[in-house]
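One-letter residues, chain by chain:
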2 protein chains.
Amino acid sequence: MGLSKTEIFTDRQNQIALFGKVFGHPARVAIMDYLFKIQACVCGDLVNEIGLAQPTISQHLKELKHLGLIKGNVEGTSVCYCIDHENWMHMKKLMIGFLDQDILSESCC
Amino acid sequence: MGLSKTEIFTDRQNQIALFGKVFGHPARVAIMDYLFKIQACVCGDLVNEIGLAQPTISQHLKELKHLGLIKGNVEGTSVCYCIDHENWMHMKKLMIGFLDQDILSESCC
DNA sequence: TATATTAATCGTATTATTGCAATGAAACAA
DNA sequence: TTGTTTCATTGCAATAATACGATTAATATA
């Protein structure tokens, strides 16, 4: 079908999948990398930094914003983006909880 | 277009995106959860455990195997799946390195 | 007011993903 | 050999994601 059957999975599994999906595109990884590197808000030079067209970047930003990982503050004609540290921390906790399951797990083969 | 422009991103960013994508579906998260929970190899009862058809599970397993996160050992007519702990650790290191960027980053707004 | 700047949105072409019925392949049992 | 079991593969339909040109909306500036 092309449609994920989210109803048969737990909320936690669906949430992990949502965050996984948002990091499932290198452009969004690159956007986050840049926001972390710059250590401040970025006023829309992401189009020059990353080599994609303005509507494409805008779309990726929208998805990151939709999951609450970044915020966009309007300043005049431009918009300043920065990381939502609190939401990032929550996401990080969830993802690391998933990734860290191996420390309790024995190797069997 | 529908085609990611991987060539304009770093290898690291593309790799993070690949792992992100594989966790971008709740069925694959559920498969990993189950493998960790069971603490042993699983011989094909994943179809019953997760509520998807056999070809669908097989396809998800293939993607996890392709990234090296699980191994499949043929045993008679059945196949036993288990986690590749070494590759999981490498993946985990990469992902946590990405997620942990916030500890060096100041909040600006 | 007219123009420029910035970024979101719309529309659309292209490609990817998801899900499953049907089929195939391999090992085992009778 | 003839079924049976188990899982992979194929083929296809439906939906999602990616990318960008064109346009729109909002604000600033001359």
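Everything numeric in this text was worked out from a predicted model, so none of it was measured. (Residues numbered from 1 in each chain as written. Chains lettered and ligands numbered in written order. Predicted model: local features only at pLDDT ≥ 70, side-chain atom pairs only at ≥ 80, totals over all residues. Heavy atoms only, no water.)

## Considerations on the relation of the copies chain B and chain A
Structural alignment of chain B on chain A gives an RMSD of 0.1 Å, achieved by rotating through 180 degrees and translating 0.0 Å along the axis. Taken together, the turn and the small shift mark the pair as related by a two-fold rotation axis. Rotation axis and chain B: the residue whose C-alpha lies nearest the axis is glycine 20 of chain B, separated from it by 2.2 Å. (Least-squares fit on C-alpha atoms with pLDDT ≥ 70 in both.)

## Details of the nonpolar core
Generally speaking, nonpolar side chains in soluble globular proteins are found buried as a group. Residues Trp88 of chain A together with Met32 and Trp88 of chain B are the most contacted members of the largest nonpolar core, which totals 61 residues. Among residues more than four places away in sequence, those in contact with tryptophan 88 of chain B are Phe98, Leu99 and Asp102 of chain A together with Phe23, Met32, Phe36, Leu69 and Ile83 of chain B. (Core = buried A, V, L, I, M, F, W, Y, C linked by side-chain atoms within 4.5 Å. Buried < 20%, exposed > 50% of the residue type's maximum accessible area, 1.4 Å probe, protein only. Contact = heavy atoms within 4.5 Å.)

## Overview of the pairing of strand E2 (residues 78–83) of chain B
Residue and element names in this part refer to chain B. Bridging between strand E1 (residues 70–75) and E2 involves 6 bridges; their strand directions are antiparallel. Bridging from a neighbouring strand, valine 74 pairs with valine 79 of E2. Where E1 hands over to E2, the hairpin turn is made up of 2 residues, of which glycine 76 adopts a positive phi near 70 degrees. (Pairing = 2+ DSSP bridges. Helix = DSSP H or I, 4+ residues; strand = E, 2+ residues; numbered from the N terminus.)

## So, the packing of aromatic side chains
All chains considered together, the criterion is met by 8 aromatic pairs over all chains. When the centroid spacing of 5.8 Å and the interplanar angle of 70 degrees are considered together, the rings of tryptophan 88 of chain A and phenylalanine 98 of chain B count as edge-to-face. With tryptophan 88 of chain A in helix H5 (residues 85–99) and phenylalanine 98 of chain B in helix H5 (residues 85–99), the pair connects residues from two separate chains. The exposure classification of tryptophan 88 of chain A matches that of phenylalanine 98 of chain B, with both residues buried. Each member of the aromatic cluster is reached from another via a ring pair, and the members are Phe23, Phe36 and Trp88 of chain A together with Phe98 of chain B. (Phe/Tyr/Trp six-rings, centres within 6.5 Å; stacked < 30°, edge-to-face > 60°.)

## Topic: the environment of glutamate 106 of chain B
When you line up the elements, glutamate 106 of chain B lands in the segment after H5. Residue class for glutamate 106 of chain B comes out exposed when judged on its relative accessible area of 56%. For glutamate 106 of chain B and cysteine 43 of chain B, which are 63 residues apart along the polypeptide, the C-alpha to C-alpha distance reads 48 Å. Once residues lying within four places of it in the same chain are set aside, the contact partners of glutamate 106 of chain B are Gln39 and His85 of chain A.

## A look at the packing of helix H1 (residues 11–22) of chain B against H5 of chain B
Relative orientation and spacing of two packed helices are given, respectively, by the angle between their axes and the distance between those axes. All names here are of chain B. Taken N-terminus to C-terminus, the directions of H1 and H5 make an angle of 110 degrees; their axes are 10 Å apart at the nearest point. One element, H1, and the other, H5, form an angle in the roughly perpendicular class. For the pair H1 and H5, contact is made by Arg12, Gln15, Ile16, Phe19 and Gly20 and by Met91, Leu94, Met95 and Phe98, respectively. Taken together, the residues of the contact of H1 with H5 break down into 6 nonpolar, 2 polar and 1 charged. (Axes fitted to C-alpha atoms, helices over the stretch in contact; angles between N-to-C directions. Parallel < 35°, antiparallel > 145°, perpendicular 65-115°, else oblique. Nonpolar A, V, L, I, M, F, W, Y, C, P; charged D, E, K, R; others polar.)

## Regarding the pattern of salt bridges
On inspection of all chains with the given rule, the structure shows 8 salt bridges over all chains. The shortest N-O distance in the salt bridge between aspartate 33 of chain A and arginine 12 of chain B comes to 2.7 Å. Taken together, the positions of aspartate 33 of chain A in helix H2 (residues 26–38) and arginine 12 of chain B in helix H1 put the pair across two chains. Lysine 92 of chain A serves as the salt-bridge partner of aspartate 100 of chain B, at 2.8 Å between the closest nitrogen and oxygen. Of this pair, aspartate 100 of chain B sits in the segment after H5 while lysine 92 of chain A sits in helix H5, which puts the two residues in different chains. Each of the salt bridges in this network shares a partner with another, and the network as a whole consists of Lys92 of chain A together with Asp100 and Asp102 of chain B. (Salt bridge = Lys/Arg side-chain N within 4 Å of Asp/Glu carboxyl O.)

## Observations regarding the interface of chain B and chain A
Across the boundary between the two partners, chain B contributes 49 residues, which contact 49 residues of chain A. Of the roughly 4200 Å² buried at the junction of chain B and chain A (both faces included), carbon and sulfur atoms supply 66%. The tally of links between chain B and chain A comes to 6 salt bridges. Inspection of the region where chain B meets chain A yields 16 residue pairs in polar contact (both at pLDDT 80 or more). Residue contributions to the side of chain B that touches chain A peak at 9 residues, all from H5 of chain B. Its residues assigned to classes, the side of chain B that touches chain A comprises 27 nonpolar, 13 polar and 9 charged. (Buried area = accessible area lost by both parts, 1.4 Å probe. Polar contact = N/O pair within 3.5 Å; in protein donor to acceptor, adjacent residues only side chain to side chain.)

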